[in-house]
Amino acid sequence: MSPVLAPERTILVVEDNAADAALIADALEDSPSAPRLLIARNGHDALARLRDASAGSRPHLLLLDLNLPGFSGLQVLAELKADTELRRIPVLVLTTSKSQDEIDRCYELGAAAVLNKPLRLRDHREMVRAVELFWLGHVRFAEGG
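Residues numbered from 1 in each chain as written. Predicted model: local features only at pLDDT ≥ 70, side-chain atom pairs only at ≥ 80, totals over all residues. Heavy atoms only, no water.

Caption draft 1: Spotlight on the pairing of strand E1 (residues 10-14). The buried fraction of E1 is high, at five of five residues. As paired elements, E1 and strand E2 (residues 36-40) share five bridges and run parallel to each other. Of the residues in E2, the one forming a bridge with Thr 10 is Arg 36. The parallel pair E1 and E2 is bridged by helix H1 (residues 18-28), and the resulting crossover is right-handed. As paired elements, E1 and strand E3 (residues 61-65) share four bridges and run parallel to each other. (Buried < 20%, exposed > 50% of the residue type's maximum accessible area, 1.4 Å probe, protein only. Helix = DSSP H or I, 4+ residues; strand = E, 2+ residues; numbered from the N terminus. Pairing = 2+ DSSP bridges. Right-handed = clockwise from strand over helix to strand, strands pointing away.)

Caption draft 2: Local environment of the packing of helix H2 (residues 43-52) against helix H3 (residues 73-82). Two numbers describe how H2 lies on H3: the axes approach to 9 Å, and their chain directions differ by 20°. Comparing the axis directions of H2 and H3 gives the class roughly parallel. Handedness of the H2/H3 crossing: right-handed. Here Gly 43, Leu 47, Leu 50 and Arg 51 of H2 lie close against H3, whose contacting residues are Val 76, Glu 79 and Leu 80. (Axes fitted to C-alpha atoms, helices over the stretch in contact; angles between N-to-C directions. Parallel < 35°, antiparallel > 145°, perpendicular 65-115°, else oblique. Left-handed = near helix turned anticlockwise from the far one by under 90°. Contact = heavy atoms within 4.5 Å.)

Caption draft 3: Quick peek at the pattern of salt bridges. Going through the model one piece at a time under the given rule, you end up with eleven salt bridges. Where Lys 117 meets Asp 20, a salt bridge forms, and the shortest distance between an N and an O atom there is 3.1 Å. Linking Lys 117 in the loop between strand E5 (113-116) and helix H5 (121-137) with Asp 20 in helix H1, this pair joins segments that are 97 residues apart in sequence. The class of Lys 117 is buried, set by a relative accessible area of 13%. Of the charged contacts in the structure, one is a salt bridge between Asp 65 and Lys 117, with a shortest N-O distance of 3.1 Å. Here Asp 65, found in strand E3, pairs with Lys 117, found in the loop between E5 and H5; they are 52 residues apart in sequence, far enough to count as distant. The exposure class assigned to Asp 65 is buried, which follows from its relative accessible area of 4%. (Salt bridge = Lys/Arg side-chain N within 4 Å of Asp/Glu carboxyl O.)

As far as function goes, none of this settles anything; it's purely spatial.
So, in structure tokens, the structure goes:
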């Protein structure tokens, strides 16, 4: 049985590597859920976008690179989850790190999931499609988040 895809959802991708952001965009390009994709190149930009958006126009899901320059993914996650207006937005952390301490810290701060960035293009595409199927096809989101 195929999932019933929700109306247009918005995903904010917080990724400083343009190639990685393009891989995500490419994987979702012909998606049946047709999510609206926003890209933030750093943590400061991501938080500014989230705080400036009204509750109804905030992204439904964040894909957050852990290793951002300057303001790290952990710092973004901590700020986001400390904000009463933004904490209900699910955050999926994307990383190449194998550090269990970093993974544990992501979950302590409230990440919904930590995903390792695949090295092969096909595997990356499959990961994005799995995220799409689960998060946009099956998950119900909180109102305004």
